[in-house]
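Below are the chains, spelled out letter by letter.
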Amino acid sequence: MSQAPANAALLQAMGELFVSFPHCVTLGFQYLGTVDRKPTLKVEWRDELVGNPATGVVHGGVITSIVDTCSGIAVTAHMTELETIATLDLRIDYLKAATPGKAIYCTAECYRMANQIAFTRAVCYHDSPDDPIAHGVATFMRDSNPKPMLTKEGGA
Amino acid sequence: MSAFMESFTQLRDAKRYAEIIAAVPYAQLMGVEFGEAEDGELQFRLPFYERNVGNVTLPALHGGLIGGFLENAALLHLMWNSESLEAPKIVDFSLDYLRSGRAQTLFARCEITKQGKRVAHVLIEAWQDDRSKPVAVARAHFLLSSGS
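Residues numbered from 1 in each chain as written. Chains lettered and ligands numbered in written order. Predicted model: local features only at pLDDT ≥ 70, side-chain atom pairs only at ≥ 80, totals over all residues.

The name given to chain B in an unreviewed UniProt entry is PaaI family thioesterase, with the source organism recorded as Vogesella oryzagri.

Per an unreviewed UniProt entry, chain A goes by PaaI family thioesterase and derives from Vogesella oryzagri.

Listed below in structure tokens is the structure:
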């Protein structure tokens, strides 16, 4: 069953906001949009993101960042109004090495939005989510900080 | 053995820390530094840089960046303390965020809990000004041989 975002304008603003965070800009994350409350991010392969210079494989930390960011956006797809969230924990399974030179995509979903905690899962892949490089699960604290991530004037 | 592992071994034996970081592009991009602490154990440092921020209103270090810093620390710690000439491969990584990372230096230390023939288990802890108040704790499994 397909599901529209709880608040499409908020989701769009949060998708754009999350990839505008300085470290996401450093890594070059792009928000490609959300289908069925499942957002997708993309990061192009670059020399600077390599973890193993012998092979050119992207550093696992880049995968951690894209999973954390994309999973956070997936939580915002379930929000009716703006709230601040914080990652509580995160686990990444590295299923196989990423291919040097190829862009990496991450698609995430929030599969349970409880009162205080949001539960997410994500996959990273090159060509198809059915052929993943990495799988990530995370939990987020809802309403984690009274300081909003986005001001009301920010479009949300 | 790869040229990277050969050069890592040489740099390690000469304790040329900065050159090891320079050989790992993403570690260099984050701005990681490391060296031996007074007790002889490796200690990793990440001075604060604007480019590493996540939430700008707090401001806080990006959670993914903290993960990358800790994962990188675990990998280098393992390579530093191993005689293997093959680069370990990360299998899984699990991270608990305990406090937000503020706009100051982040430190990390690792402990090899188990080093078997094929798999190693590493614990990692990160803190800022008070080690008893960790920003994050993590654990990772690494494959030590390609098994071919």
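Next comes the rest of the description.
## Thoughts on the overall build of chain B
Assigned secondary structure in chain B consists of 4 helices and 6 strands. Sequence-ordered secondary structure for chain B, helices as α and strands as β, is α-α-α-β-β-α-β-β-β-β. Taking 148 residues into account, the globule formula puts the C-alpha radius of gyration at 15 Å, and chain B, at 15 Å, falls close to it. Taking all 148 residues of chain B together, 39% fall into the buried category. Considering only contacts in chain B between residues 6 or more positions apart, those separated by 24 or more positions represent 56%. (Helix = DSSP H or I, 4+ residues; strand = E, 2+ residues; numbered from the N terminus. Rg over C-alpha atoms; globule rule 2.2 N^0.38 Å. Buried ≥ 20, exposed ≤ 12 C-beta atoms within 10 Å, placed from the backbone. Contact = placed C-beta atoms within 7 Å.)

## Points about the overall build of chain A
When you go through chain A residue by residue, the secondary structure sums to 3 helices and 8 strands. Moving toward the C terminus, one meets the helices and strands of chain A in the order α-α-β-β-β-β-α-β-β-β-β. In terms of principal-axis extent, the alpha carbons of chain A reach across some 45 × 30 × 25 Å. Of all 156 residues assigned to chain A, the portion counted as buried reaches 47%. Taking the contacts inside chain A whose residues are at least 6 apart along the sequence as the reference set, 65% of them involve residues at least 24 apart.

## Brief notes about the sheet that holds strand 1 (residues 33-36) of chain B
The strand order 1(A)-2(A)-6(A)-7(A)-8(A)-5(A)-3(B)-6(B)-5(B)-4(B)-2(B)-1(B) describes an open sheet built from 12 strands, whose pairing is antiparallel. Among the strands making up the open sheet, the edge pair consists of strand 1 (30-35) of chain A together with strand 1 of chain B. This sheet shows a mean twist of 20 degrees between the axes of neighbouring strands, independent of strand direction. Pairing of strand 1 of chain A with strand 2 (residues 38-43) of chain A, which is carried by 5 bridges, proceeds in the antiparallel orientation. Bridged to Tyr31(A) within strand 2 of chain A is Leu41(A). Of the strands in this sheet, strand 1 and strand 2 of chain A are in contact with helix 1 (residues 8-20) of chain A, which crosses strand 1 of chain A at around 155 degrees. (Pairing = 2+ DSSP bridges. Axes fitted to C-alpha atoms, helices over the stretch in contact; angles between N-to-C directions.)

## As for the packing of helix 3 (residues 60-76) of chain A against helix 4 (residues 63-80) of chain B
Two elements in contact, helix 3 of chain A and helix 4 of chain B, have axes separated by 8 Å at closest approach and are oriented at 155 degrees. As summarised for this structure, helix 3 of chain A and helix 4 of chain B are arranged roughly antiparallel, according to the angle between their axes. Our pair here, helix 3 of chain A against helix 4 of chain B, has a crossing hand that is right-handed. Residue-level contacts link Gly60(A), Gly61(A), Val62(A), Thr64(A), Ser65(A), Asp68(A) and Thr69(A) of helix 3 of chain A to Gly63(B), Gly64(B), Leu65(B), Gly67(B), Gly68(B), Glu71(B) and Asn72(B) of helix 4 of chain B. In terms of residue class, the contact of helix 3 of chain A with helix 4 of chain B is built from 2 nonpolar, 10 polar and 2 charged. (Parallel < 35°, antiparallel > 145°, perpendicular 65-115°, else oblique. Left-handed = near helix turned anticlockwise from the far one by under 90°. Nonpolar A, V, L, I, M, F, W, Y, C, P; charged D, E, K, R; others polar.)

## Considerations on the pairing of strand 6 (residues 104-113) of chain A
All names here are of chain A. Across the 10 residues of strand 6, 7 count as buried, placing the element largely inside the fold. Here strand 2 runs beside strand 6; their pairing, made up of 4 bridges, is antiparallel. Paired with Thr40 across the bridge in strand 6 is Thr107. Note that strand 6 and strand 7 (residues 117-125) share 8 bridges and pair antiparallel. Note that in strand 7 the partner of Arg112 across the bridge is Phe119. In this structure, the hairpin formed by strand 6 and strand 7 is closed by a connection of 3 residues.

## Notes on the UniProt feature "domain: Acyl-CoA thioesterase-like N-terminal HotDog" (unreviewed entry) in chain B
Per the UniProt entry, the sites bearing "domain: Acyl-CoA thioesterase-like N-terminal HotDog" (unreviewed entry) are residues 60-142 of chain B in this numbering. Taken end to end, residues 60-142 of chain B is 22% helix and 42% strand, and its first and last C-alpha atoms sit 29 Å apart. (UniProt positions renumbered as here; feature names shortened; annotations may be inferred.)

## Thoughts on the packing of helix 1 of chain A against helix 3 of chain A
Residues and elements named next belong to chain A. Two elements in contact, helix 1 and helix 3, have axes separated by 9 Å at closest approach and are oriented at 165 degrees. When the axes of helix 1 and helix 3 are compared, the pair comes out roughly antiparallel. For the pair helix 1 and helix 3, the crossing hand works out as right-handed. Contacts from Leu10, Leu11, Met14, Gly15, Phe18 and Val19 in helix 1 reach Thr69, Gly72, Ile73 and Thr76 in helix 3. For the contact of helix 1 with helix 3, the per-class residue count stands at 6 nonpolar, 4 polar and no charged.

## Some thoughts on the interface of chain A and chain B
Accessible area lost upon the coming together of the parts serves often as the stated size of an interface. Tallying the contact residues gives 31 residues for chain A and 35 residues for chain B. Those elements giving two or more residues to the side of chain A that touches chain B turn out to be helix 2 (22-27), strand 3 (50-52), helix 3 and strand 5 (85-94) of chain A. Of all the elements, strand 5 of chain A adds the most residues to the side of chain A that touches chain B, at 9 residues. Tallied by class, residues from the side of chain A that touches chain B come to 13 nonpolar, 11 polar and 7 charged. Relative to strand 3 (residues 89-97) of chain B, strand 5 of chain A runs antiparallel, the two being bridged by 5 bridges. Opposite Arg91(A), over in strand 3 of chain B, you have Ser94(B) as the bridge partner.

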